[in-house]
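What follows is each chain in one-letter form.
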Amino acid sequence: MRSSDRNARILILGAGPGGLSAAHYLRRYGYKNVTVFEKLGRVGGLCRSVTEDNQAFDLGAAVVSPDYREVLKMARRTGARLEKVFGAAAFSLKKGEIGEPYHRLLDYLAGGSSWAEYLRYLLLCLQYIWKRFLLREVFRRPGWAGIASHPELCVTFSEWLKNNRLEELGRLFEMPITTFGYGNLDEIPAPYALRYMSPMTLVAVLLSGIKFSRFLPGVLLVRRFKDGFQRFWEKVAWDLNVRLNVEVKAIKRSDEGITVTYTHPVQIIGDQLAHAEDKTRFDYLIVAFPVLKENLEKTMDLTEEEAWLQSRTEFIPYAVASFEIADLVLKERVAFHLPLPPLGEPMIVSQPHPDNELMAFYARLPSTEPTPDDERRLREHIERYVKAFGGRIKTDDDWHSYDAWLYFKHVSVEEFRAGYYDRWENIQGDNRTFYVGGLFDFDYVEGIARYSRSLIEKHFVEGD
Ligand SMILES: Cc1cc2nc3c(=O)[nH]c(=O)nc-3n(C[C@H](O)[C@H](O)[C@H](O)COP(=O)(O)OP(=O)(O)OC[C@H]3O[C@@H](n4cnc5c(N)ncnc54)[C@H](O)[C@@H]3O)c2cc1C
C-alpha cells in the first residue's frame, strides 16, 4: 500500500481547521477513503460561532486577512460569504472608574498626536514591511524545516524588533499578537510573529483600523465570514466523511496498518447512547488536534521521539466570554484595552453587530491551566468594564457563554535554534502517522491550511 494509492484508508483525528483542510486537499487530489473522527458534536475546533437574533457571532477565530489565500480559495469553492471588518477603538480604565473610557488609538500607537509623530510611525511601518518582504523566501514554504539555520530569526519577537530598530512598533503588534492570545512580544518566537504579520496582513490591519476604510474594497481589508467562521468549516465539511461525537479509545500502529478502537453515538428513539466499541483498520493516520502528550499517550503507543517532541510544547490559556449587555453600543465594533491590562482581565471587547446586545470579551488567563475560579474572576472584571462603559449585563437574558482553551501550541526560541522542527519533519510518515495543526506552522487558520496542503502534496501526491 503506497500513500499515493487513491484507495488508501486514511483516518484524520480532529475536525478543526487542521483536520478539515487535510481532508479537503486529500479529496481534491482524488483520495476516496478519507474519514474524519471528531470528539465533539460540531466541526470547526476553535472556530466557534453562534447565531443570536438571526445574526452570526464568532466566539473563537473571527477574521481573515487578504493573505489567507488557501482559506479564501476554499471560501470561493464553498460559497461562504465574507464581509469587511473596519474601525477599532482603544480604551483603558482604572478600578471603579466610570465615565468615558476611550482614548485615541492612533495617538497611542504613534506615541503622540502631532503630524510629525504620525509620519514617523508610518515610516516605521513601511520599514517593517520592507524588512519582512526581504525575508519572503524564508517564509514562502509552510512549516519550519531549516529555520535553525537562521539564528538571527530564532529570537523573541521583541528582540527581533530591537535588532531591527523597530521596537517602537511593539504597541502596534501587541494588538494582533498579544490581545489575540499569542503571548507578549518578549515571549513569542520571532518566526511565528513574522509569518503571521506578512506585509499584506499588516497593511490590512492598518487600513481596517481606520474608520473611512468602509469605503475601500474588501480585498484590501480584514474580513469575517458573514455566517460565522464555524459555518465556513461546516460548508467545507459537507462533502467530507466526518463522524461527530467519536471517542477514540486505542490506536495500535504496525507495519500492516493502524487499528483504531472507538465509540460513536447511536440514537434509540429519543435517547442518544454511546455505541459499543468498534474497531476499524486504516492505512494512515493524520493527527489533527493540539494534543497534550499525556492525553495522546493514553490512547497511542508514542515512539520515544514523538513523546519527546510533544513534551516540549507550550500553550497559552485564553478565554472568551459573551454576554448580552443592555444600554451600551461600543464606539467601534472592536475595542482594545491599551495599554494592556493585567492577566485575567479582558484585552478585547467586541460587539460585532451594533444593533445586537451580544458582546464578547477576550482574556488571557493567569493560571497555567484554566480553572473554574478564572471564570468567576473574569466575570467580575467584565462587570466592572461594562459599568465603566455605562452598560449593564443582562443576567436574566437568554445568551451567555464561557470557553477557556489551552491555546497557541508552540515551542520556545531555544527549540527553534536546536532544530526542533527538523526533528518533526524527519518523523512525518513514520509508523504511517502524520501530524498537522497550529504547532507545525503558526496557530492561525491560513498557516494551518497551507501546512496541511504542503504535507498532503509532499507525502501523498508526490509519491505518484
Ligand atoms: C479566541 C480565538 C480567536 C482566534 N482568532 C483567529 C482569527 O481571527 N484568525 C485566525 O486565523 N485564527 C484565529 N484563531 C486561531 C485558530 O482558531 C486556530 O489556529 C485553529 O482553530 C487551530 O486549528 P487546529 O485544527 O490545529 O485545532 P483546533 O481548532 O483546536 O481543532 C482541533 C479539533 O480536534 C478535536 N479533537 C480534540 N481531541 C480529539 C480526539 N482525541 N479525537 C478526535 N477529535 C479531537 C477538537 O474537538 C477540535 O474540533 C483564534 C483562536 C482563538 C482561541
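> Looking at this structure, I do not really get the environment of G16. What am I missing?
Looking at where G16 falls in the secondary structure, it is placed in the loop between β1 (9–13) and α1 (17–28). Separated by 377 residues in sequence, G16 and I393 place their C-alpha atoms 32 Å apart. Other than its neighbours up to four places away in sequence, G16 contacts G44, G45, L46, A288 and F289.

> Would you take a moment to explain the site of the ligand for this structure?
Within the structure, the ligand sits among 36 residues, and G14, G16, G18, G45 and G437 are positioned closest to it. Secondary-structure elements contributing two or more residues to the shell around the ligand are α1, α7 (170–182), β17 (314–326), β22 (400–410) and α16 (445–459). For the shell around the ligand, the class distribution of residues is 23 nonpolar, nine polar and four charged.

> Explain the sheet that holds strand β9 (residues 223–225) here, please?
Two orientations exist for strands paired in a sheet by backbone hydrogen bonds: parallel and antiparallel. Across the sheet, three strands lie side by side as β5-β9-β6; this open sheet has antiparallel pairing. Each edge of the sheet is formed by a strand with only one pairing partner; in this case those strands are β5 (63–64) and β6 (82–84). In this structure, β5 lies alongside β9, joined through two bridges in antiparallel fashion. From the neighbouring strand, V64 faces β9, where its bridge partner is R223.

> Where do I start with the environment of A288 in this structure?
Its location among the elements puts A288 in the loop between β16 (284–287) and α11 (293–299). Each C-alpha atom, one on A288 and one on V36, is 9.6 Å from the other, the two residues being 252 residues apart in sequence. Residues within four places of A288 in sequence aside, it is in contact with I12, L13, G14, G16, G18, G19, A22, V436 and G437.

> What should I look at first to understand the nonpolar core in this one?
Nonpolar side chains in soluble globular proteins generally cluster together in the buried interior. Membership of the largest hydrophobic core comes to 133 residues, with the highest contact counts inside it found for I10, I12 and I286. Ranked by residues supplied to this core, first place goes to β17 with seven residues. The residues touching I12, leaving out its near neighbours within four places in the chain, are G19, A22, A23, V34, V36, I286 and A288.

> What's the story with helix α9 (residues 199–208) in this structure? I'm lost.
Since there are 3.6 residues in each turn of an α-helix, residues three or four apart along the chain are aligned in direction. For α9, the full list of buried residues reads T201, L202, A204, V205 and S208. Burial along α9 is one-sided: seen end-on, the buried residues are contained in an arc of 160 degrees. Residues of α9 that are buried make contact with α4 (115–134), α7 and α8 (190–196).

> Explain the packing of α1 against helix α10 (residues 229–237) to me, please; I cannot follow it from the model alone.
When two helices pack together, their arrangement is captured by the angle between the axes and the distance separating the axes. At a closest axis distance of 10 Å, the pairing of α1 and α10 adopts a crossing angle of 30 degrees. In this view, α1 runs roughly parallel relative to α10, as classed from their interaxial angle. The hand of the α1/α10 crossing is left-handed. Between α1 and α10, the contacting residues are P17, L20 and H24 on the first element and W233, V236 and A237 on the second.

> Please clarify how the environment of G146 should be interpreted in this entry.
Note that G146 resides in the loop between α5 (136–140) and α6 (157–163). When the C-alpha positions of G146 and I188 are compared, they lie 19 Å apart, and in sequence the two are 42 residues distant.

> Is there a simple way to explain unusual backbone geometry in this structure?
Leave glycine aside and you will find that most residues have negative phi; peptide bonds, for their part, are mostly trans. Here the residue pair L338 and P339 is connected by a cis peptide bond, since its omega of -5 degrees sits within 30 degrees of zero. Take P339: it is sitting in the loop between β18 (334–337) and β19 (346–350). A positive phi angle, near 55 degrees, is found at N431, a position not held by glycine. Of note, N431 is situated in the loop between α15 (420–427) and β23 (433–435).

How each quantity is defined
- Residues numbered from 1 in each chain as written.
- Predicted model: local features only at pLDDT ≥ 70, side-chain atom pairs only at ≥ 80, totals over all residues.
- Helix = DSSP H or I, 4+ residues; strand = E, 2+ residues; numbered from the N terminus.
- Contact = placed C-beta atoms within 7 Å.
- Near = placed C-beta within 6 Å.
- Nonpolar A, V, L, I, M, F, W, Y, C, P; charged D, E, K, R; others polar.
- Pairing = 2+ DSSP bridges.
- Core = buried A, V, L, I, M, F, W, Y, C linked by C-beta atoms within 7 Å.
- Buried ≥ 20, exposed ≤ 12 C-beta atoms within 10 Å, placed from the backbone.
- Arc of directions from axis to C-beta.
- Axes fitted to C-alpha atoms, helices over the stretch in contact; angles between N-to-C directions.
- Parallel < 35°, antiparallel > 145°, perpendicular 65-115°, else oblique.
- Left-handed = near helix turned anticlockwise from the far one by under 90°.

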